[in-house]
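Structural description and commentary
Residues per chain are reported as follows:
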Amino acid sequence: MKTVFRSLLLKILKKMLILFLGCLAVILIIFIVLIFNSSGKVIPFTDNDGNQITASISEKISVNINGKKQGMFIKSKDKNNPVLLFVHGGPGMPEYAISREYPLVLENLFTVCWWEQRGTGMSYSSDLKPEELSFEKLIDDIIEVSNYLRKRFGQEKIYLMAHSGGTFIGMQAAAKAPELFKAYIAVAQISNQLESEKLAYNYMLEQFTLSDNKKMLKKLKRYSVNQINTPSYYAMRDAPMHKLGIGTTHKMKSVFNGIFMPVMLNKEYTLKEKINIWRGKYFTTHKAGLWNKLVNTDLTKLVKKLDIPVYFIHGKYDYTVSYSLAKSYFEKLEATEKAFYAFENSAHSPLFEEPQKMQKTLLEIIKKSELNADSLKANKIIN
């Protein structure tokens, strides 16, 4: 009996050892892959022969902005192109980290500054206190970064482009310092995010009822439409949104594969910088409470007019930031010139989902903006 028991115990221990060693090997392989893909060295633009394009620029730098070191990538195939500051969303999610997964658009047309906002990504610091991170400070940071870019590249005005959560501060910065910008380009413009969340919740309930998806309905019905502004709801909602194609992109089904892995495999970040992306995301959203402030603010009451051209770009499948609410905000917003571009095959990220159409749209915007600039100069000369 003892022999049988000992034999059985040895078999169990052997299997446990094999399982442990297998897990250890997988962890080791993952670690090696991450280290291999985390050199942190910037990748230059090269021609067909592998030589760096003469007029290109590809930099990863840190600049003192309003007393805080803030990281940014500056990229362009031609540094003589118009300058564009990209204000990422989240709050707290630097989008350069995932942008390398998609065809280049901005770098073909602009000298792009992929700025990583205070408290996020390369700009994250464990010394940063929650009170040092506010929307007011981020708006001032946009203005300071814009002035840095204007001075460095010798351009009187630059383009300001913001996406998703970035549009909340981008819109306010454009209203506060319109003299810095040729135009404001909003991708998935926020208006009243609490109403947007309610529209998304009701849409998901409707769609999962029609498809009789009891599993998703059970998850959603744990909350009422008046209980959705909670951390647990926001942690849950990504899965049903992406299942319906109304999340980050229309075709993205997994946040892990669509966002987490591209970040972790981006060679231009060090492993520490990648970890800081997630630390910064948590810090801005929860410790500094920016998401809660954003959701409970009606931007349409804060900014009703811009003294520069405004262009809204929005995916029709987008329920992360409501398409219909953005359209309504656009119609009420006063501006020197404005246009709304609907992307029929996109959800929340038209820049990444329909790159060819985005490039065509941006070329049209550049043409309009340059014509407006020439017209203003002519008027000044005449007057």
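Residues numbered from 1 in each chain as written. Predicted model: local features only at pLDDT ≥ 70, side-chain atom pairs only at ≥ 80, totals over all residues. Heavy atoms only, no water.

Another aspect to go through is empty space enclosed by the protein. Under the counting rule described, the total for this entry stands at 3 cavities of 30 Å³ or more. Estimated volume of the largest cavity: approximately 60 Å³. Along the walls of the largest cavity sit S99, R100, Y102, P103, L104, V105, L106, E107, W114, L351 and F352, which together make up its complete lining. Secondary-structure elements contributing two or more residues to the lining of the largest cavity are α3 (106–109) and α14 (350–353). (1 Å grid on protein atoms, 1.4 Å probe; cavity = no way out; pocket = protein on both sides within 12 Å on 5 of 7 lines; lining within 4 Å. Points joined across faces, edges and corners; volume = space filled by probe spheres on them. Helix = DSSP H or I, 4+ residues; strand = E, 2+ residues; numbered from the N terminus.)

Of note, the bond from G90 into P91 is cis; its omega dihedral lies within 30 degrees of zero at 0°. Along the chain, P91 falls in the loop between β3 (83–87) and α2 (96–99). Phi angles above zero are rare outside glycine, and S164 is one such case at about 55°. Note that S164 resides in the loop between β5 (158–163) and α5 (165–176).

For the structure shown, the criterion picks out 14 salt bridges. Put simply, R237 and E197 hold a salt bridge, and the shortest N to O gap is 2.7 Å. Here R237 is found in helix α8 (residues 231–244), whereas its partner E197 is found in helix α6 (residues 193–210), with 40 residues between them in sequence. Judged by its relative accessible area of 0%, E197 is buried. Taking the shortest distance from any N to any O, the salt bridge between K327 and E331 comes out at 3.4 Å. Note that K327 and E331 are positioned in helix α13 (residues 323–332) at a spacing of 4 residues, about one turn of the helix. (Salt bridge = Lys/Arg side-chain N within 4 Å of Asp/Glu carboxyl O. Buried < 20%, exposed > 50% of the residue type's maximum accessible area, 1.4 Å probe, protein only.)

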